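# Working through the structure, step by step
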Amino acid sequence: MKSDVETLDPTKVKLTVEVEYDELRPSIDHAYQHIAEQVNIPGFRKGKVPPRIIDQRVGRPAVLEHAVNEGLSGFYRQAVTESGIRPLGQPEVEVTEVPLEAEGPLKFTAEVEIRPEITLPDLSSIALTVDAAEVSDEDVTERLDALRERFGTLVGVDRPAAEGDFVVLDLKAVVDGEEVDSVSGVSYQIGSGNMLDGLDEALTGLSADETTTFTAPLAGGEHEGKDAEVTVTATSVKQRDLPAADDDFAQLASEFDTLDELTTDLREQAAGSKTSDQAVAARDGLLKALEEAVEVPVPAGVVEAEVHRHLESESRLEDDEHRAEVTVEATTAIKNQILLDTLAEQLEVKVAQNELLEYLVQASRQYGMDPNEFIQSIDKGGQIPAMVGEVARSKALAVALRQVEVKDSAGTVVDLTEFIGSDADDAADEVPELSEEDAEVAAAEAVTEELAEEAVAEVEAEEAAAAEPAKKKKASKSAKA
């Protein structure tokens, strides 16, 4: 097979492909076999009709059409591989020549949008600044108060509702004189902002059994976005009483014996959180630095296809204002994907099987699905290669950060090894590259293998550790005893 590449613009190429007859022959033979099994011709059993009879009765053009349709995608993929281009969209294919009479070649062209070639800056030339990981007394108090709130009790009060109070309410929404929604006996904390716009203001100053009316846009349902006249009644007002911050509370809320031990642990947690925030800020800062340093051409067709898919899923294809918003978001996302794919390639980032599985398990949590069912679902949908790409992009940023100088606002070099690993760690792991085919096989096998169970257990352990507010070190307690 021969193929030539013509660059139409920085994000689009035209492949001209010529397939020799011998390479097309297996598809032609299969086409004859398939047609023989479908047609009824007197004197021949199904599946036993000779090719010359099929040419007479069905026609060679029909055979070649079947063969070309069957083999074209494979020939296209082979041409893409041999040419080294990186398609981002679906190709527009035109068959220009087929061997109708003689054993000539199949010729076709394919125009496709590709990942453009871009040059990234020297990573060592990038310097990033993040906030210092200093823990204040206010940070510790905030965590202690949050813990106290978990053990607080709601007590009814005979006064107007204020910020932070809990109100049990009845609510009715009317649009154009028609009641479109109502709830009763709902508990709502003033200031949470998770119901209707204007509800916090309407409830503030309202005492038990008092009613008020306000106008607000509806957040969901068939009347989403329409202004509704909302009537709300506060049936009761409660405040949260917090337990005293003392040794008794420390023993109730944690495995620590004293308040001093608890606050020391909360301070360590706050420090860990701020260090984690530094890693996130450094990652975001590096991506922003790359965006500012490189002009990335974005394939218009790929953007349009993503915008259409998004709007179609929301049934908002005719919403021009929303289309404009989604277009900006899609353009940014695809630009970042091009940047990070190039970065991953430049850094020769490899994705290991356990890294892929851990990512899939975490993704299943976000969708509220069983990990095995989630893996099966995306495997059937052919989404495993896309998941490998996501892992590679995230890993590329971590690897790149090892070559970037990161300092805090005080000028101190920040050590992010805990979050981004080290080159020595990667070398010790000897991570083999996971191809798309290997990734699909690995994900499919992981449904029943111990590796998937280990990935689930690891993620669950991390979630449990994050959810635990304060955990006493066992060794410390033993030493004290």
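To start, this report covers the structure provided alongside it. Only a predicted model underlies this, so the values are computations on that prediction, with no experimental measurement involved.

Calculation notes
Residue indices follow the written sequence of each chain, beginning from 1 at its first position. This being a predicted model, a pLDDT of at least 70 is required before a residue's local features are given, and a value of 80 or more before pairs of side-chain atoms are given or counted; all residues contribute to the totals for chains, interfaces and linings. Only heavy atoms go into the side-chain values, all of them from the structure, while hydrogens and water stay out. By definition, any uninterrupted DSSP run of H or I lasting at least four residues is a helix, any uninterrupted run of E lasting at least two residues is a strand, and each is numbered from the N terminus. By definition, residues are in contact when any of their heavy atoms lie within 4.5 Å. Using a 1.4 Å probe, the Shrake-Rupley method yields the accessible areas, and only the shown protein chains count as cover for residues. Salt-bridge detection follows one rule: a side-chain nitrogen of Lys or Arg within 4 Å of a carboxyl oxygen of Asp or Glu. Exposure is judged per residue with a 1.4 Å probe applied to protein chains only, and the accessible area is read against the type maximum: over 50% gives exposed, under 20% gives buried, and values in between give partly exposed. In this analysis an axis means a line fitted to C-alpha atoms, helices contributing only their contacting stretch, and an angle means the value between N-to-C directions, from 0 to 180 degrees. These descriptions rest on fixed angle ranges, namely under 35 degrees for roughly parallel, over 145 for roughly antiparallel, 65 to 115 for roughly perpendicular, and the rest for oblique. Each residue is assigned to one class: nonpolar for Ala, Val, Leu, Ile, Met, Phe, Trp, Tyr, Cys and Pro, charged for Asp, Glu, Lys and Arg, and polar for all the others, Gly among them. What makes a nonpolar core is a set of buried Ala, Val, Leu, Ile, Met, Phe, Trp, Tyr and Cys residues whose side-chain atoms join them at distances within 4.5 Å. Whether two aromatic rings pair depends on their centres lying within 6.5 Å, for rings of Phe, Tyr and Trp, where Trp uses its six-membered ring; planes under 30 degrees apart make the pair stacked, over 60 edge-to-face, and the rest tilted. What makes two strands pair is DSSP finding at least two bridges between them.

The helix and strand tally for the protein stands at 17 helices and 11 strands. Partitioning the contacts of the protein with sequence separation of at least 6, the portion at a separation of at least 24 is 68%. Carbon and sulfur atoms form 46% of the exposed surface of the protein, whose accessible area is close to 27400 Å².

Moving on, we get to the pattern of salt bridges. Following the criterion strictly, the structure yields 18 salt bridges and no others. R25 serves as the salt-bridge partner of E103, at 3.8 Å between the closest nitrogen and oxygen. Remark: R25 occurs in helix 1 (residues 21-38) and E103 occurs in the loop between strand 3 (92-97) and strand 4 (106-113); sequence separation between them is 78 residues. Given the relative accessible area of 57%, E103 is considered exposed. Here E306 makes a salt bridge to R309, at a shortest N to O gap of 2.6 Å. Linking E306 with R309, this pair stays in helix 8 (residues 300-313), spanning 3 residues, or about one helical turn. For R309, a relative accessible area of 45% corresponds to the partly exposed category. The network of salt bridges with common partners includes R86, R115, E117 and E345.

Before going further, it helps to examine the packing of helix 10 (residues 353-366) against helix 12 (residues 384-401). Closest axis-to-axis distance for the helix 10/helix 12 pair is 10 Å, and the angle between their directions is 100°. Classified by the angle their axes make, helix 10 and helix 12 are roughly perpendicular. Residues E355, L356, Y359 and L360 of helix 10 pack against I384, M387, V388, E390, V391 and K395 of helix 12. Split by residue class, the contact of helix 10 with helix 12 holds 7 nonpolar, no polar and 3 charged.

Ranked by size, the top nonpolar core spans 38 residues in total, and within it L123, L128, L286, L343 and V406 carry the most contacts. Going through the elements one at a time, strand 5 (127-130), helix 7 (259-293), helix 8, helix 9 (320-346) and helix 12 are the ones with two or more residues in this core. A total of 8 residues in this core trace back to one element, the largest contributor, which is helix 9. Excluding its chain neighbours within four sequence positions, the residues that come into contact with L343 are L120, L123, L290, A396, L397 and A400. One finds L15, L72, L106 and F108 within the second-largest nonpolar core, a separate group that totals 30 residues.

Among the secondary structure elements, D131 is positioned in the loop between strand 5 and helix 4 (137-150). D131 sits in the exposed class, given a relative accessible area of 62%. Residues D131 and K407, 276 residues apart in the sequence, show an inter-C-alpha distance of 8.5 Å. Those residues within four positions of D131 in sequence are excluded, and the remaining contacts are Q278, D408 and S409.

All right, on to the packing of aromatic side chains then. Working definition: an aromatic ring pair is given by the centre-to-centre distance plus the angle between the planes. Throughout the structure, instances matching the rule amount to 2 aromatic pairs. Ring centres of F151 and F249 lie 5.9 Å apart, and the angle between their planes is 85°; on these two criteria the pair is classed as edge-to-face. With F151 in the loop between helix 4 and strand 6 (153-156) and F249 in helix 6 (residues 247-253), this residue pair connects regions lying 98 residues apart in the sequence. Relative accessible area serves as the criterion here: at 32%, F151 is assigned to the partly exposed category.

With respect to the helices and strands, the residue P160 is situated in the loop between strand 6 and strand 7 (166-175). In sequence terms P160 and S207 are 47 residues apart; their C-alpha atoms lie 4.3 Å from each other. The residues contacting P160, other than those within four sequence positions of it, are D165, G205, L206 and S207.

A few words now on the sheet that holds strand 3. With antiparallel pairing, 4 strands are arranged side by side in an open sheet as 1-2-4-3. Each edge of the sheet is formed by a strand with only one pairing partner; in this case those strands are strand 1 (2-9) and strand 3. Sheet twist, expressed as the mean angle between neighbouring strand axes with direction ignored, is 20°. Alignment of strand 2 (residues 12-19) against strand 4, held across 8 bridges, turns out to be antiparallel. Bridging across to strand 4, L15 finds its partner in A110.

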